[in-house]
Amino acid sequence: MFEVDEENVWKLCEQVKKTHPSELSKCYAVFVSNERRTVPLWRQKAGRGDEKLVIWDYHVFFMHNPSPNRCLVFDLDTTLPFPTYFHKYVTETFRSDYALTSEHHRFFRVIPAEKYLAEFSSDRRHMRRPDGSWIKPPPSYSPIQTNASSHSLDDFICMKPGKGPGAVYDLLHFVQQFYKPPDRNIGTKTQN
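Reading guide: rules and limits
Residues numbered from 1 in each chain as written. Predicted model: local features only at pLDDT ≥ 70, side-chain atom pairs only at ≥ 80, totals over all residues. Heavy atoms only, no water. UniProt positions renumbered as here; feature names shortened; annotations may be inferred. Buried < 20%, exposed > 50% of the residue type's maximum accessible area, 1.4 Å probe, protein only. Helix = DSSP H or I, 4+ residues; strand = E, 2+ residues; numbered from the N terminus. Arc of directions from axis to C-beta. Contact = heavy atoms within 4.5 Å. Salt bridge = Lys/Arg side-chain N within 4 Å of Asp/Glu carboxyl O. Polar contact = N/O pair within 3.5 Å; in protein donor to acceptor, adjacent residues only side chain to side chain. Pairing = 2+ DSSP bridges. Axes fitted to C-alpha atoms, helices over the stretch in contact; angles between N-to-C directions.

As named in an unreviewed UniProt entry, the protein chain is Protein N-terminal glutamine amidohydrolase, taken from Anopheles albimanus. According to its UniProt record, the protein chain has this under Sequence similarities (unreviewed entry): "Belongs to the NTAQ1 family." Here is the UniProt Subunit (unreviewed entry) comment for the protein chain, exactly as written: "Monomer."

Shown next as structure tokens:
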């Protein structure tokens, strides 16, 4: 895989569509960013110190949510296991907004995989220096394009609700949407 998270996630969605099409409706691309494009994430390979903290302008990962308490996160940049269960990933990667200033609060644009495959495009302009040279060598395959656009990346990074594809959540609502704690009462009897 290449160091272009949004393209790697697109390729994962494409692979699911080819090999396990019945699972595609349970898969999502997730963009993490905020208005200032300063989002702290822990347990990242590019991070510093024991906690591997890094501040990204945006980050992208893939989720497979086959059932309410079985959501898996596939993050190619994490130091956590690959994949990681949603609750562990969120707890260790995002921690809590309470310890952060509001300018560092993370927002999550969650896009169904089928929609991501249909609408994401990138001409890779964000991978170039002002003089046009590559910051890092691009992937060997052609840029991902759609009939409608050659570059829609900014619509995915934008965290304004109502603009761009998918749904935007703050951290609390993102967790509520994709994490359902196991029912601890299964197998217990109630008395009347």
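Now that the structure has been shown, the text picks up again.
Student: Which parts of the structure should I look at to understand helix H5 (residues 171–178)?
Tutor: Residue pairs three or four apart in sequence face the same way in an α-helix, which turns once every 3.6 residues. Those residues of H5 that fall on the buried side of the exposure criterion are Leu171, Phe174 and Phe178. In a view along the axis of H5, the buried residues occupy a sector of 60 degrees, so they form one face of it. In this structure, the buried side of H5 is in contact with strand E1 (27–33), strand E4 (59–64), helix H2 (86–93), strand E7 (107–112) and strand E8 (167–170).

Student: Looking at this structure, how should I read the pattern of salt bridges?
Tutor: When the charged atoms of two side chains lie near each other, side chains of opposite charge can form a pair. Scanning all chains against the criterion turns up 10 salt bridges. Where lysine 11 meets glutamate 14, a salt bridge forms, and the shortest distance between an N and an O atom there is 3.7 Å. Remark: glutamate 14 and lysine 11 occur in helix H1 (residues 5–19); sequence separation between them is three residues, near one turn of the helix. Accessibility expressed as a relative area gives 26% for lysine 11, which makes it partly exposed. With relative accessibility at 22%, the residue glutamate 14 sits in the partly exposed group. Across the pair glutamate 51 and arginine 95 runs a salt bridge whose closest N-O atoms are separated by 3.2 Å. Of this pair, glutamate 51 sits in the loop between strand E2 (39–41) and strand E3 (54–56) while arginine 95 sits in the loop between H2 and E7, and the two are 44 residues apart along the sequence.

Student: Sorry if this is basic, but what is going on with the side chain of threonine 84 here?
Tutor: Tracing the backbone shows threonine 84 in strand E6 (residues 84–85). Apart from residues no more than four positions distant in its own chain, threonine 84 is found in contact with Cys71, Leu72, Val73 and Tyr89.

Student: Looking at this structure, how should I read the side chain of glutamate 6?
Tutor: In this fold, glutamate 6 is placed in helix H1. Within the structure, glutamate 6 has its side chain in polar contact with the side chain of tyrosine 58 (distance 3.0 Å). In contact with glutamate 6, other than residues within four places in its own chain, are Phe31, Tyr58, Val60, Tyr116, Phe120, His126 and Leu153.

Student: I'm lost on the pairing of E7 in this one. Help?
Tutor: Remark: a regular strand shows side chains that alternate across the two faces of the sheet. Bridge count for E1 against E7 is six bridges, and the pairing is antiparallel. For serine 33, the partnering residue across the bridge sits in E7 and is phenylalanine 107. Two elements, E7 and E8, share four bridges in a ladder whose sense is antiparallel. What sits directly across from phenylalanine 108, in E8, is tyrosine 169.

Student: How do you make sense of the sheet that holds E7 when you look at a structure like this?
Tutor: Paired through their backbone hydrogen bonds, the strands of a sheet run either parallel or antiparallel. Spatial strand order, E6-E5-E4-E1-E7-E8: six strands in an open sheet with antiparallel pairing. Lying at the two open borders of the sheet, with one neighbouring strand each, are E6 and E8. Across the face of the sheet, H1 comes into contact with E1 and E4 while running at roughly 20 degrees to E4. Lying over the sheet, H5 contacts E1, E4, E7 and E8, oriented at roughly 110 degrees with respect to E8.

Student: Help me understand the pairing of E1 in this model?
Tutor: Along E1, seven of the seven residues are buried, which leaves the element largely enclosed by surrounding structure. Alternating residues of E1 divide into Cys27, Ala29, Phe31 and Ser33 and Tyr28, Val30 and Val32, and every residue in both groups is buried. Here E1 pairs with E4 via six bridges, running antiparallel. In the strand pairing of E4, phenylalanine 31 is matched with valine 60.

Student: What is the right way to look at unusual backbone geometry in this model?
Tutor: Cis geometry marks the peptide bond from phenylalanine 82 to proline 83, where omega comes out at -5 degrees. As for its placement among the helices and strands, proline 83 is situated in the loop between strand E5 (72–74) and E6. Its identity as a non-glycine residue notwithstanding, lysine 52 has a phi of 55 degrees, on the positive side. Looking at the element boundaries, lysine 52 is found in the loop between E2 and E3. The exposure class assigned to lysine 52 is partly exposed, which follows from its relative accessible area of 26%. The backbone phi angle of arginine 95 is positive, close to 55 degrees, even though this residue is not glycine.

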